[in-house]
Amino acid sequence: MTDRREMRELVTPARAREAIGNFEAPAGTETVRVERASGRVLAEPIDAGIDVPGFDRASMDGYAVRARETAGAGEMDPIELRVVDRLAAGERPETAVEAGTAVEIATGAVLPEGADAVVMIERCEARGETVAVERAVAPGANVMSAGSDVAAGDRALSAGTRLAPRTIGLLAAIGRETVPVRTAPTVGILPTGDELVAPGSELSPAEGEIYDVNGTTLANAVRETGGEPLRYGILPDDESEMRETLSRAAAECDLLLTAGSTSAGSGDVLYRLVEANGELTIHGVSIKPGKPTIVGRYDGTPLVGLPGYPVSALSIFRLLVGPTLREWAGTDRDAATVTGRLARTERYDEGRHRAVPVGLVRDGSDDLLVYPVDRGSGATTSLAYADGVVEMAADTRRLDAGETVTVELFSTSDRPPELLAVGERDPGFLAAIDGIDRTRYRTLGSTGGQRWLADGIADVAVVTGENSFESTAETLGCWTREWGLLLADGIDVDGVAALADGDYRFVNRSRGSGLQEAFEAVIDGSDDPEGIREKIDGYGIGTHGIESAARRIERGSADVGLGLATTADRLGLGFQGLGVQPVSVFAAADRVEKPAVGRLADRLDDERLFEGLTGYAVD
């Protein structure tokens, strides 16, 4: 029997957020140079030790005068004064202004002794050694007096101010070289799992290995809130090693963030370690994704155990952990939000609070559309293709298309893509969008592309075979591509009948893709379609990527796969052609004026676009 227990009573997201918010904030401070202080938070108030400016200065080009001597001056009856000196900014005045005299002065120059006003140069007429003043001025006119910007003893900036270029300019103006700032909270990042491999290392898919996503995403999320992430590598599912690393991290960090090993299964050991070496306050939150979340302390250090799936981990961080880290760091307490119109109805009936990953796109009227992109908490692309989340309360069963919703952005720097393309995976289209910045290409197959364009979500759709867009969309480009069977070294298969009769390990494409539909059409045209389908070893194994079958052949786990001639040529595989397939790119009728769509149309008009792609031809 496995050692498994049920989670404790699930708490609400509000209760979990409160528990994390009750962790004590770190109190450290450090001194940094002003030029490196942008984004940091002042730990102490800053008072001005000098006047800014430190002298009376001219705020206009003109003439420094005694204001009382300009009384009655006008264009028809100017008052003439003798010019006794000229002053530039940064010069020390050597001549005082006396009765009947003036000093020509530049903006920013020190007001000479005796002067109490400046007449704008536009209100004067130079007459050799004299100047005719054509307008009277009052004392203090066009003069910035000492301390008028900041006076000595003034509170320049208060504690808790987040420094930015504009406030750093004030610090420079009062002569500060260094400032005391809050030490950024240190957050230990500890992804767990024997299956995880650090990005950049060699991967063994046959052993179930996957690259660690959480370590990188959480470290960057912490940094964006103002925290300082400390990486401790990947923790194996071994109690002894996990205990040792957690203890070391607890001694060095203000907060520990783990990812994975938080459920109640026999292989999930984190909750047992937290109970044995600290305090397990919460084990389970009533939210989707993110139910198996842990809140507690390890060796006295606050700990939040995030779920292992990347979507769940980042969603829980954004919803529960981020607000507390921003408060500790003194950065903006609230995440950036935008409002938009929901592009399609979203339903949910499980009765748990839900954070729905969504993408953003602007329609032809420049209105913001919001569309769900949830492909399950285990799908990394739910993060890559999402810009934020829309929250659905536990008692909300549906959000209707057209409804205005609030999106909490994953990042304050996130912006909608300039071009949202959906549809068939195609190397030719990849070449077309190369160089068009901020393009999002969702490869959901030809069927998915047609649906997203018809629903008014996508800007453009990449479609193979038959379509029904002639009346509702504009054709941007058409071409053909040769497709067929990718062959391992030494394999010779001349058609679908030979594939069925031989002892070959085959890799198909996923349903809904253009290649899979073309393959089905060839089989349907054979003498024994059902017999061929039954005989092909691996017929039901569909892969999503345009190169996925080729990669399996490279690894030696397959003999034959469905793919393109250009893929075979690029990867050095054998190839048996089965046909030529048309590919079309359509733009939604209301999006053709979008600048990125126009740039794509120009790219598709380039006859050199498909150079180097074997089997491609422009219609």
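Residues numbered from 1 in each chain as written. Predicted model: local features only at pLDDT ≥ 70, side-chain atom pairs only at ≥ 80, totals over all residues. Heavy atoms only, no water.

### Here's the deal with the overall build of the chain
Thought 1: Helix and strand counts for the chain stand at 15 helices and 37 strands.
Thought 2: In terms of overall dimensions, the chain has a C-alpha envelope of 115 × 70 × 45 Å along the principal axes.
Thought 3: Out of the 619 residues in the chain, the part that is buried amounts to 48%.
Thought 4: The long-range fraction of contacts in the chain, counting pairs at least 24 apart against all pairs at least 6 apart in sequence, stands at 71%.
Thought 5: Carbon together with sulfur atoms contributes 44% to the accessible area of the chain, which is approximately 28,300 Å² in total. (Helix = DSSP H or I, 4+ residues; strand = E, 2+ residues; numbered from the N terminus. Buried < 20%, exposed > 50% of the residue type's maximum accessible area, 1.4 Å probe, protein only. Contact = heavy atoms within 4.5 Å. Areas by Shrake-Rupley, 256 points an atom, 1.4 Å probe, with all protein chains shown as cover.)

### A look at helix H1 (residues 13-21)
Thought 1: If you check which residues of H1 are buried, you get Pro13, Ala16, Ala19 and Ile20. All buried residues of H1 lie within an arc of 125° about the axis, which places them on one face of the element.
Thought 2: Looking at the packing, one finds that the buried side of H1 touches strand E18 (278-283), strand E19 (287-288), strand E20 (294-298), strand E21 (301-306), helix H6 (310-329) and strand E24 (353-362). (Arc of directions from axis to C-beta.)

### With respect to the packing of helix H4 (residues 239-252) against helix H5 (residues 270-277)
Thought 1: In contact at an axis separation of 11 Å, H4 and H5 are set at 55° when each is read in the N-to-C sense. Judged by the angle between their axes, H4 and H5 are oblique. For the element pair H4 and H5, the recorded crossing hand is right-handed. Contacts from Glu239, Met242, Arg243 and Leu246 in H4 reach Leu270, Arg272, Leu273 and Asn277 in H5.
Thought 2: Class assignment for the residues of the contact of H4 with H5 results in 4 nonpolar, 1 polar and 3 charged. (Axes fitted to C-alpha atoms, helices over the stretch in contact; angles between N-to-C directions. Parallel < 35°, antiparallel > 145°, perpendicular 65-115°, else oblique. Left-handed = near helix turned anticlockwise from the far one by under 90°. Nonpolar A, V, L, I, M, F, W, Y, C, P; charged D, E, K, R; others polar.)

### Let's talk about the sheet that holds E20
Thought 1: Reading across the sheet, the 6 strands line up as E16-E13-E17-E21-E20-E18 and stay open at both edges, with mixed pairing between neighbours. Two strands bound the open sheet, and with one partner strand each, they are strand E16 (228-231) and E18. Taking each pair of neighbouring strands and ignoring which way they run, the sheet shows an average axis angle of 25°.
Thought 2: Note: strand E13 (residues 186-191) against E16, 4 bridges, orientation parallel. Counted as the bridge partner of Gly188 is Leu230 from E16. (Pairing = 2+ DSSP bridges.)

### Some thoughts on the environment of Val507
Thought 1: Structurally, Val507 can be placed in strand E33 (residues 506-509).
Thought 2: Filtering out sequence-adjacent residues up to four positions away, Val507 remains in contact with Ile541, Thr543, Ala549, Arg552, Ala558, Val560, Gly561 and Leu562.

### Re the pairing of E20
Thought 1: Across the 5 residues that make up E20, a large majority, 4, are buried.
Thought 2: As paired elements, E18 and E20 share 5 bridges and run antiparallel to each other. Along E20, the bridge assignment pairs Gly278 with Tyr298.
Thought 3: Pairing analysis gives 5 bridges linking E20 to E21, with the strands arranged antiparallel. Bridge assignment links Tyr298 to a residue of E21, and that residue is Thr301.

### A closer look at the pairing of strand E25 (residues 368-372)
Thought 1: Among the 5 residues of E25, 5 are classified as buried, and the element is accordingly described as predominantly covered.
Thought 2: Alternating positions in E25 separate into two faces, Leu368, Val370 and Pro372 on one and Leu369 and Tyr371 on the other, with burial throughout.
Thought 3: Bridge count between strand E22 (residues 337-342) and E25: 2 bridges; the pairing is parallel. Bridge pairing links Leu342 to Val370 in E25.
Thought 4: Where E24 and E25 come together, 5 bridges link them in antiparallel fashion. Within E25, the position partnered with Leu360 by the bridge is Val370.
Thought 5: Linking two consecutive strands that pair antiparallel, namely E24 and E25, is a turn of 5 residues; a positive phi of about 70° is found at Asp366 within it.

### What to know about the sheet that holds strand E9 (residues 130-133)
Thought 1: Across the sheet, 6 strands lie side by side as E7-E4-E6-E5-E9-E8; this open sheet has mixed pairing. Of all the strands in the sheet, just strand E7 (117-120) and strand E8 (124-127) have a single pairing partner and so form its edges. On average, each strand axis in the sheet is tilted by 40° relative to the strand beside it, whichever way the strands run.
Thought 2: As judged from the 5 bridges shared by strand E5 (residues 79-87) and strand E6 (residues 101-105), these two strands associate in the parallel manner. Within the sheet, the bridge partner assigned to Val83 lies in E6 and is Ala102.

### Quick notes on the packing of aromatic side chains
Thought 1: Scanning all chains against the criterion turns up 5 aromatic pairs.
Thought 2: With centroids separated by 5.3 Å and ring planes inclined at 70°, the aromatic side chains of Tyr371 and Trp452 adopt a geometry described as edge-to-face. Residue Tyr371 is found in strand E25, and its partner Trp452 is found in helix H9 (residues 445-454); the two are separated by 81 residues along the sequence. In this structure, Tyr371 and Trp452 share a single accessibility class: buried.
Thought 3: Ring pairing ties together the aromatic residues Trp479, Phe610 and Tyr616, which thus form one cluster. (Phe/Tyr/Trp six-rings, centres within 6.5 Å; stacked < 30°, edge-to-face > 60°.)

### Description of unusual backbone geometry
Thought 1: For the bond running from Val52 to Pro53, omega is -5°, close enough to zero to count as cis.
Thought 2: Of note, the bond from Lys288 into Pro289 is cis; its omega dihedral lies within 30 degrees of zero at -5°.
Thought 3: Even without being glycine, Asn142 reaches a positive phi, approximately 60°.
Thought 4: Position of Asn142 relative to the elements: it lies in the loop between E9 and strand E10 (143-144).

### A few points about the environment of Gly169
Thought 1: Assignment of secondary structure puts Gly169 in helix H2 (residues 165-173).
Thought 2: Taking the C-alpha atoms as reference, Gly169 lies 9.2 Å from Val34; in sequence the two are 135 residues apart.

### Re the nonpolar core
Thought 1: In terms of nonpolar packing, the biggest core is built from 49 residues, with Leu255, Leu257, Phe317 and Val321 touching the most fellow members.
Thought 2: In this structure, Trp483, Leu485, Val496 and Leu564 belong to the second largest nonpolar core, which totals 43 residues. (Core = buried A, V, L, I, M, F, W, Y, C linked by side-chain atoms within 4.5 Å.)

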